[in-house]
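Summary of the model geometry
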Amino acid sequence: MAKYIVKRVLYMFFVLLIVTTITYFLMHNIPGDPLTALVMRLPEQTKANYYAKYGLDKPVWEQFLLFLKGIFTEGTMGESIRYPGRMVTNMIRRYSASSGLIGGIAIGAGFLIGTMFGVISALKKDKLPDKILSLIAIFGVSIPVFVVASVLQFVLTATFPILPTMGWGEPKHTVLPILCMSLSPLATYTRYMRSSVLDVVNQDYITMAEAKGMSFGMIVRRHILRNSILPSLTILGPNIADVFTGSFIIESIFSIPGLGSYYMTSVTDRDFPMIIGCTIFYTAIYILSLLIVDILYVLIDPRIRLGNRE
Amino acid sequence: MNQTNLSDDLFIIEGCSAAEGDKIGRPQTTYWKDAWRRLRQNRLALLALVLLIVIIFFTIFGPSICGYSFEQMSSDMNKAPSAKHWFGTDSLGRDLFARVWIGGRVSVIIGVVGAVITTIVGAIYGSISAFAGGKVDSVMMRIVEIISSIPYLIVIILLSLMINDSGITSILLALCLVGWCPTARLVRGQILQLASAEYVTAARVLGVSSWKIITRHMIPNTMSVIIVNLTFRIPGYIFSESFLSYVGLGIKTPNTSWGMLASAAQQNMFFYPYQMLFPALMIGLTMLSFTVFGDGLRDALDPKLRR
Amino acid sequence: MESQPLIQVQDLKQYFPLSRSRVVKAVDGVSFSISRGETFGLVGESGCGKSTTGRSILGITRPTAGKILYDGADISAFNRAERLRFKKNAQMIFQDPYACLDPRMTISSIIKEGMEVHFHYSKKEADEKVRELLSQVGLTEDYASRFPHELSGGQRQRIGIARALAVEPEFIVCDEPIAALDVSIQAQVVNLLMKVQEEKRHAYLFISHDLSMVRHISNSIGVMYLGSLVEMAESSEIYAHPLHPYTKALFSAIPKPDPDQNWAKKRMKLEGEVPSPINTPEGCKFCARCPYAKDICRQQTPQLKDLGGKHMAACHIL
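Residues numbered from 1 in each chain as written. Chains lettered and ligands numbered in written order. Predicted model: local features only at pLDDT ≥ 70, side-chain atom pairs only at ≥ 80, totals over all residues. Heavy atoms only, no water.

Comments concerning empty space enclosed by the protein
In the structure shown here, the tally under the stated rule is 6 cavities of 30 Å³ or more. The volume enclosed by the largest cavity comes to roughly 60 Å³. Each residue belonging to the lining of the largest cavity can be placed in one class, and the counts come to 9 nonpolar, 2 polar and no charged. (1 Å grid on protein atoms, 1.4 Å probe; cavity = no way out; pocket = protein on both sides within 12 Å on 5 of 7 lines; lining within 4 Å. Points joined across faces, edges and corners; volume = space filled by probe spheres on them. Nonpolar A, V, L, I, M, F, W, Y, C, P; charged D, E, K, R; others polar.)

Quick word on the nonpolar core
Counting residues in hydrophobic clusters, the biggest one holds 115 residues, and the most contacted among them are Phe146(A), Phe254(A), Tyr263(A), Val100(B) and Trp258(B). Considering every element that reaches this core, the biggest residue donor is helix α10 (residues 216-253) of chain A, with 13 residues. Non-local contacts of Tyr263(A), meaning those with residues more than four positions away in its chain, are made with Phe248(A), Ile275(A), Cys278(A), Thr279(A), Tyr282(A), Ile154(B), Ile157(B) and Leu158(B). Counting 89 residues, the second largest nonpolar core, distinct from the first, contains Leu6(C), Cys174(C), Ile178(C) and Cys297(C). (Core = buried A, V, L, I, M, F, W, Y, C linked by side-chain atoms within 4.5 Å. Buried < 20%, exposed > 50% of the residue type's maximum accessible area, 1.4 Å probe, protein only. Helix = DSSP H or I, 4+ residues; strand = E, 2+ residues; numbered from the N terminus. Contact = heavy atoms within 4.5 Å.)

Observations regarding the confidence of the model for chain B
Segments scoring low in pLDDT should not have their predicted coordinates read at a detailed level. All names here are of chain B. The predicted model of chain B averages 79 in pLDDT, with 85% of residues at 70 or higher. Confidence, read as mean pLDDT per element, is least for helix α1 (residues 18-21) in chain B (45) and greatest for helix α9 (residues 198-206) (91). The low-confidence segment residues 18-26, where pLDDT is below 50, has 18 contacts with residues more than four positions distant or belonging to other chains. (pLDDT = per-residue confidence, 0-100.)

A look at the sheet that holds strand β3 (residues 39-43) of chain C
Residue and element names in this part refer to chain C. Pairing is mixed in the open sheet, where 8 strands are placed in the order β6-β7-β8-β3-β9-β10-β12-β11. Bordering the open sheet on either side are β6 (90-93) and β11 (305-306), each of which pairs with just one other strand. Examined bridge by bridge, strand β10 (residues 228-234) and strand β12 (residues 312-313) share 2 bridges and lie antiparallel to one another. Bridged to Glu231 within β12 is Ala313. Packing against the sheet, helix α9 (residues 245-252) makes contact with β9 (220-225) and β10, and its axis sits at approximately 105° to β9. (Pairing = 2+ DSSP bridges. Axes fitted to C-alpha atoms, helices over the stretch in contact; angles between N-to-C directions.)

Digging into unusual backbone geometry
All names here are of chain C. Phi at Asp71 is positive, roughly 55°, even though this residue is not glycine. Tracing the backbone through its elements, the reader meets Asp71 in the loop between β4 (65-70) and β5 (73-74). Look at Asp71 and you get partly exposed, because its relative accessible area is 38%. A positive phi is found at Leu226, a non-glycine position, where the angle reads about 50°. Residue placement: Leu226 occurs in the loop between β9 and β10. A relative accessible area of 7% means that Leu226 is categorised as buried.

Topic: the pattern of salt bridges
In this structure the tally under the stated criterion is 22 salt bridges over all chains. With a closest N to O distance of 2.9 Å, Arg216(B) and Glu116(C) form a salt bridge. Note that Arg216(B) is positioned in helix α10 (residues 210-246) and Glu116(C) in helix α3 (residues 107-118), a pairing that runs across two chains. Under the relative-accessibility criterion, Glu116(C) is labelled partly exposed at 42%. Residue Arg131(C) pairs with Glu141(C) through a salt bridge whose shortest N-O separation is 4.0 Å. Within this pair, whereas Arg131(C) is found in helix α4 (residues 123-136), its partner Glu141(C) is found in the loop between α4 and α5 (153-166), the two being separated by 10 residues in sequence. Given a relative accessible area of 34%, Arg131(C) falls into the partly exposed group. (Salt bridge = Lys/Arg side-chain N within 4 Å of Asp/Glu carboxyl O.)

A short note on the pairing of strand β7 (residues 171-175) of chain C
Residue and element names in this part refer to chain C. Among the 5 residues that make up β7, 5 are buried, leaving the element largely enclosed by the rest of the structure. Every second residue of β7 is oriented toward a common face, with Phe171, Val173 and Asp175 on one face and Ile172 and Cys174 on the other, all of them buried. Across 4 bridges, the pairing between β6 and β7 is parallel. Following the sheet pairing, Ala90 is matched in β7 by Phe171. The sheet contact formed by β7 and strand β8 (residues 203-208) spans 5 bridges and is parallel. Looking at β8, one finds that Cys174 is bridged to Phe206. The parallel pair β7 and β8, bridged by helix α6 (residues 183-200), forms a crossover whose chirality is right-handed. (Right-handed = clockwise from strand over helix to strand, strands pointing away.)

Looking at the environment of Leu58(C)
Here Leu58(C) lies in helix α1 (residues 50-58). Residue class for Leu58(C) comes out buried when judged on its relative accessible area of 10%. When near neighbours in sequence (up to four residues on either side) are disregarded, Leu58(C) contacts Val205(B), Phe86(C), Ala90(C), Gln91(C), Met92(C), Phe171(C) and Val173(C).

Concerning the pairing of β8(C)
Residues and elements named next belong to chain C. Within β8, 6 of the 6 residues are buried, leaving the element largely enclosed by the surrounding structure. Residues Ala203, Leu205 and Ile207 of β8 are buried on one face, and the alternating residues Tyr204, Phe206 and Ser208, pointing to the opposite face, are buried as well. Bridge analysis of β3 against β8 gives 5 bridges, and the strand direction is parallel. Its bridge partner being in β8, Val43 is matched across the sheet by Ser208.

Some thoughts on the interface of chain A and chain B
If you look at the interface, chain A gives 42 residues, while chain B gives 35 residues. It is Tyr11(A), Phe146(A) and Phe154(A) that lose the most area in chain A upon contact with chain B, and together they represent 17% of the buried surface on that side. For the interface between chain A and chain B, the tally reads 1 salt bridge. Ionic pairing is found between Arg191(A) and Asp295(B), a salt bridge with its closest N-O pair at 2.9 Å. Of all the secondary structure elements, the ones that give two or more residues to the side of chain A that touches chain B are α1 (2-27), α6 (128-142), α7 (145-159), α10, α11 (259-269) and α12 (272-300) of chain A. Among the elements that line the side of chain A that touches chain B, the one with the most residues is α7(A), at 9 residues. When grouped by side-chain class, the residues that make up the side of chain A that touches chain B number 31 nonpolar, 9 polar and 2 charged. (Buried area = accessible area lost by both parts, 1.4 Å probe.)

In structure tokens form, the structure reads like this:
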């Protein structure tokens, strides 16, 4: 087991390296660079100085190697070009806190509540609770997050001024963003759990448990939950990626100073160091969550013996 | 009690043949016809299908019906829906009805074509990987794993940056470049499962050539999974396209799509909510219908649910 | 009397590696032969390697060691044309009637599939052949256009038989063909197999764990335990005088219809654990459960010895 984890972590670094390389070279091929706007009206010599300062006059592969050197020797990813003086790593650290908060709660709530909904929905199949929950689920899966956000913002802030439209700093600012971001995972997990529980409930071992006289609650806890949660786990990883994308939009709609909106602005500004930094960060988080999910999967499903395959 | 006299000649022996003993009384039908029959019974899925057909109809003919060009600006700016402009007008006085349906063409085409292309590519890749087996399979799947490790949207964002022209083909390219991976995994898994199926072994024992086994046994049995997968991917692509356009990385003016329209309407949401309403409604309805239809299709094609 | 048996299996071994150090010895040195028109019954508990033996012979899995001779020729030395001919002549009837037919093909296509490989019939001839085969297995011709899911287990098994017969084989491996069927249908299927064998002089390898049924159809019987043959003799002989302790225990477990007989006979119960086929112990594989085990049984693996009248057993005590 430990061997497997080590292998996966090494693998993670390998993938990160590849992603970084590709992103780096991709980025330098896009039209425009971070300094164009800044140096537009400056004399030639000053322009050249600027470019030299940021190393943008060197060939791309040389810049790349310098970049790598920076990471491994000093643990830095450079300065943001758009906001000179701010280190990329610091900015990421600061802004990921708010994004992480919303994202984490959204996934957590979505998973827990969605799983619960799914179980209820399956156990009361075709009755009213099922119909309502399935309806909510299917809407959650189909309506894009920016639509939901816009509508909720309109209804809950303008029409009925319950919540603040935008801003950050107090708990009440987190309500709407979390609500918007959790709808999609909630809907997805409801659907997955529902179909999974329906499969499990028809199995003979459930009937056997009932015949043994087990209380219903116990059956759900001991047999149904454990066996039906597996498909949901497999999509937990990719779900995290979806939450990233959701965060880009939500943060801009609600003016939340999170990593998502800074990523988007750095993309538009062509702020190379920031783009690379955020890309690496997001990819790392994603791969890490995939690894955690795989480990969880092995812990819960004894049928899987990783590393002992034929 | 009077015991009724039952003489033997009251009873005629019907006879029973062994073959009749387990005859099944069900009309014969092919797999696809049976699936279609079950699909028809699912009213929700049919409703979704009808809705889709209506939407597609309007994307094709909508702009011509209302009589305005989608680019035509007028002085009737930001007007609410009325008899003159069925969906109202935008900030430049352009008729929204026409714009929504023109935008619909782009969104739906990207959704469907994107899903179809990635499904085909993924299916071919997955099949080759499964058949090659051994080292080739390992390497091919490693590549898929690596690509899948990158958050999808990050790739798309970066790719869209590279693309200068804002036409449909470039957006499609960006979307399809990594979208084929889940399908490849799915198809490979299916084929590996089928490869150990008893009837495939039987065909091998009979001496059927590998090629015939593939085309006659494996592909038809994989089709249903691929088709359902395709139907579920379409809303995903519609969403990706609208997301991209919403953040300004996708379709750019003068072309338009639902995502673009929603994005443009974002600022005016509080004053002219109808401008956001229609594109958002269309996106939602289309995605919803594809999802519901996909659900129905999956249930109809699953032999375990046969009644 | 045939000059030589149709199928000769010589020291067949089929090992499956689980990882670098662990190997499952599913079949560990099995030898027997079958002549035309004869049935060799292979019996044993679940997991003893009988199905694997059948599959190895047909080449579904490649044997780890050993030789298989078809009509005197070593099948591993066949070129492509000869291998194709072997495929025509050696067929299999599968255990699970629900899994062995492609659910998306009509019965007619299923039966024709093999024919298309080995013969060149016109469409009319092929359809006629399908009709013939269907009636041979006791089904009417309207079954030709149906699908497997419309048929019962017994009917599907008969289609499986028809499919095997369609290529006119000389040797058929019947891998637990009746295990999944109702008792009443079992008898029908076995009788069908015997009738066809009488007409066409097929050689059968009849694999089963149903001891009473095997007796009915087999000329000789081999008893397998954990991958090896422990006893082999003609069926009447082996049922009357089982020699190996394992065979004795097996046969003593066969229920007899007469309840008085059941009370009277002595039931031999086997104690002890069934060893795993992964780490087979030294010496006789059965010694852990054998009531007669001696020291030599734990040290030396017994070989099959002829104990008179072609009755062979592998045991140190005999």
